[in-house]
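# Analysis of the macromolecular model
Residue-level listing of the chains:
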Amino acid sequence: MKVVLQNLTKKFPSRNRKVREEVVAVNDFCFEIPDGKLVGLLGPSGCGKSTTLSLLCGLQKPTSGRIFFGEDDVTELPAEKRGVGVVFQNYALYPHLTVRQNILFPLENLKGAEKLTKTQMLEKANEAAKLVQIDDLMDRKPSELSGGQQQRVAIARALVKMPRVLLLDEPLSNLDARLRLQTREEIRRIQKETKITTVFVTHDQEEAMSISDMIVVMKQGVIQQIGKPQEVYDSPANLFVAKFLGTPPINVFRGEIKDGRLYIGENALFPVKGIPGQEVFVGIRPEGFVLDENGPLVCRLGGVEVMGRDISVVSTHKASENSNIRAIISAENKVDTSSQTVRFSVKQSKVFVFAKKTEERIYFDMD
C-alpha cells in the first residue's frame with residue numbers, strides 16, 4: 001500500500017497564556033512511502049515524528065494537508081476504518097487476558113461483512129503468533145512474559161488483521177540492548193515476509209539505519225532529508241543531519257575557505273575549487289582520519305582507546321566544536337602515546353563543509 005502525505009501540517013494551541021502563537025508540530029510534510037517498504041521517521045524528541053504517526057493512524061486530525069492510502073483519501077476517515085495496525089512504546093496489552101485473547105481482540109470487534117467465525121479468528125491468531133514466534137506462549141498472561149515477548153504479542157495483535165499500513169511508535173525503547181537488537185531484526189524479518197508498508201518511529205539513529213529502506217530525518221516538524229540510510233550518512237544535506245547520524249558522532253570544526261583551500265585553524269587540509277572565501281563548519285567522520293606523520297591536521301593527543309579490530313584516537317584542537325575529537329583507525333596502526341601531538345591526513349569523501357550562517361552543505365569537487 002503506497003502512502004502519500006501531502007502538505008501535512010499539524011498545529012496545537014499554545015499553553016502559554018502570554019504567548020498565543022500556535023505550536024507547529026508538523027510543518028508542510030510532503031512524502032510518498034512506496035508500497036511494501038519500511039520507512040524510519042528519525043529525529044530528536046519533539047521533532048514531530050510521533051505526531052506524524054498519530055496523523056497517519058487517525059488519532060489526530062491535521063490542521064491542513066491530505067493523507068492518501070493508495071488512491072483513497074483517508075484524511076477524514078476514523079482510525080478504526082483506516083486499516084492500520086499500531087504498536088506503541090508501552091505494548092498496551094490487556095493484563096487480564098492471555099496472549100491468545102490479546103491477539104484475538106481486534107478480530108472480535110470486526111462487524112458486518114468483515115466479521116469472522118471463531119474458527120477463522122483462531123486460525124488468524126495462530127498464524128500471527130507463528131509469524132512472531134510466540135505460538136508456544138498462547139496461554140500465558142502478559143505478566144508471565146519477558147519484555148521482548150510482550151513486544152512480540154503487541155506486534156502479532158497489530159498484524160492479525162493484516163493491516164494496509166503498520167505503524168511502530170518507538171517499539172524497542174523499553175527493551176535492554178541485547179533484546180533491542182534481536183527484536184529489531186525480527187521486525188525487519190516480519191516486514192519482509194508480510195510486505196506490509198511500515199512506518200517506524202525512533203530517536204535512535206542506529207535502529208533506523210539498520211532496518212529501514214528509507215529514512216526521514218526531522219527537526220522541529222520539518223523534513224531535513226529523505227533517502228536511503230547509507231546515502232544520507234554519506235551525504236548529509238546540512239549540519240544537523242551530519243551531527244544526528246553516526247556513532248561516534250561526526251567531529252565538527254570551525255573552518256575557513258581561503259585562497260582556494262580548506263582550513264581548520266592554521267591547518268590547510270586540501271584545495272577546494274570554485275568556492276568563494278568564507279567562514280565554514282567542517283565535519284569529519286571518525287573513520288575519515290588517516291594517521292600520517294606528515295599530515296596537515298595537527299591535534300593534541302589525549303589518549304588511545306582499544307576497541308578490538310579498531311582503535312579510537314582521542315585528541316583536541318583549538319578549532320574543534322567537540323570537546324574531544326575521535327578518530328577511528330585500524331588497530332594495525334601504531335600511535336606514539338609518548339608524543340604530545342598526533343597528525344592526520346583526511347579522506348575527502350568523509351569531509352563535509354557547511355555554510356556558517358545557514359549550516360547548509362557546501363559541495364566541492366574532490367581530487
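Scope of this entry: the structure provided in the associated data block. (Residues numbered from 1 in each chain as written. Predicted model: local features only at pLDDT ≥ 70, side-chain atom pairs only at ≥ 80, totals over all residues. Heavy atoms only, no water.)

The next thing to look at is the pairing of strand β16 (residues 297-306). As paired elements, β16 and strand β19 (residues 341-346) share 4 bridges and run antiparallel to each other. Within β19, the residue paired with Cys 299 across the bridge is Val 342. Of the pairings in the sheet, the one linking β16 to strand β17 (residues 310-316) comprises 6 bridges and is antiparallel in character. In the strand pairing of β17, Val 306 is matched with Ile 311. Between β16 and β17, which follow one another and run antiparallel, lie 3 residues, and Gly 308 among them has a positive phi close to 90°. (Pairing = 2+ DSSP bridges. Helix = DSSP H or I, 4+ residues; strand = E, 2+ residues; numbered from the N terminus.)

Take the pattern of salt bridges next. Applying the stated rule across the entire model yields 16 salt bridges. We note a salt bridge from Asp 72 to Arg 164, for which the minimum N-O separation is 3.2 Å. Of this pair, Asp 72 sits in strand β5 (residues 72-73) while Arg 164 sits in the loop between α4 (147-159) and β7 (165-169); the two residues are 92 residues apart in sequence, bridging distant segments of the chain. Assessed through its relative accessible area of 41%, Asp 72 is described here as partly exposed. Since its relative accessible area comes to 25%, Arg 164 is described here as partly exposed. Several salt bridges converge on common partners, so that one network encompasses Arg 152, Glu 186, Arg 189 and Glu 193. (Salt bridge = Lys/Arg side-chain N within 4 Å of Asp/Glu carboxyl O. Buried < 20%, exposed > 50% of the residue type's maximum accessible area, 1.4 Å probe, protein only.)

Let us now look at the sheet that holds strand β20 (residues 351-355). Taken together, the 6 strands give an open sheet; going across it, the order is β13-β12-β11-β14-β20-β21, and neighbouring strands pair in antiparallel fashion. Unpaired on one side and paired on the other, β13 (267-271) and β21 (361-362) mark the two borders of the sheet. Two strands pair when backbone bridges link them, and strand β12 (residues 261-264) and β13 are joined in this way by 4 bridges, in the antiparallel orientation. Paired with Leu 262 across the two strands is Phe 270, which belongs to β13.

Bringing the pairing of strand β9 (residues 214-219) into the picture now. Summarising the sheet, strand β3 (residues 38-42) and β9 pair through 4 bridges and their orientation is parallel. Bridging across to β9, Leu 42 finds its partner in Val 217. In this structure, β9 lies alongside strand β10 (residues 222-227), joined through 5 bridges in antiparallel fashion. Bridged to Ile 215 within β10 is Gly 227. From the end of β9 to the start of β10, which pair antiparallel, there are 2 residues, and Gln 220 there has a positive phi angle of about 50°.

In this section: the state of the cysteines. Under the definition given, this model contains 0 disulfides. Cys 47 provides the cysteine sulfur closest to Cys 30, a residue in no disulfide bond, and the two sulfurs are 17 Å apart. (Disulfide = S-S within 2.5 Å.)

Enumeration according to the criterion identifies 4 aromatic pairs in this entry. A cation over a ring is seen here: Lys 258 above Tyr 263, with NZ or CZ 4.8 Å from the ring centre. Across from the ring centre of Tyr 233, 4.0 Å away, lies the NZ or CZ of Arg 285, which sits over that ring. (Phe/Tyr/Trp six-rings, centres within 6.5 Å; stacked < 30°, edge-to-face > 60°. Lys NZ or Arg CZ within 6 Å of the ring centre and 35° of its normal.)

On to unusual backbone geometry. A cis geometry characterises the amide bond from Thr 247 onward to Pro 248, with omega recorded as -5°. Located in the positive-phi region is Glu 170, a residue other than glycine, with phi close to 45°. Note on placement: Glu 170 falls in the loop between β7 and α5 (177-194). Positive phi, normally seen in glycine, also occurs at Glu 359, with a value near 65°. Within the secondary structure layout, Glu 359 lies in the loop between β20 and β21.

To continue, consider the nonpolar core. Soluble globular proteins: nonpolar side chains tend toward being buried together. Ranked by internal contacts, the top residues of the largest apolar core, which has 35 residues, are Ile 103, Ile 134 and Ile 187. Secondary structure elements with two or more residues in this core: α2 (99-108), α3 (118-131), α4, β7 and α5. Core analysis: the second largest hydrophobic core is formed by 30 residues, Phe 270, Ile 275, Ile 284 and Ile 325 among them. (Core = buried A, V, L, I, M, F, W, Y, C linked by side-chain atoms within 4.5 Å.)

Taken in spatial order, the 5 strands of this open sheet run β15-β19-β16-β17-β18, and their pairing is antiparallel. Two strands bound the open sheet, and with one partner strand each, they are β15 (289-291) and β18 (325-330). Each strand of the sheet is rotated relative to its neighbour by a mean of 50°, with strand direction disregarded. (Axes fitted to C-alpha atoms, helices over the stretch in contact; angles between N-to-C directions.)

The next subject is α3. Here α3 is 14 residues long and its end C-alpha atoms lie 20 Å apart, about the 20 Å a rise of 1.5 Å per residue gives. Those residues of α3 that sit buried are Met 121, Ala 125, Ala 128, Ala 129 and Leu 131. End-on view of α3: buried residues confined to an arc of 160°, all on one side of the axis. Exposed and oriented more than 90 degrees from the buried face of α3 are Thr 119, Glu 127 and Lys 130. Those residues of α3 hidden inside the fold are in contact with α2, α4 and α5. Gln 133 lies just past α3 and shows a positive phi near 60°. (Expected span 1.5 Å × (residues − 1). Arc of directions from axis to C-beta. Contact = heavy atoms within 4.5 Å.)

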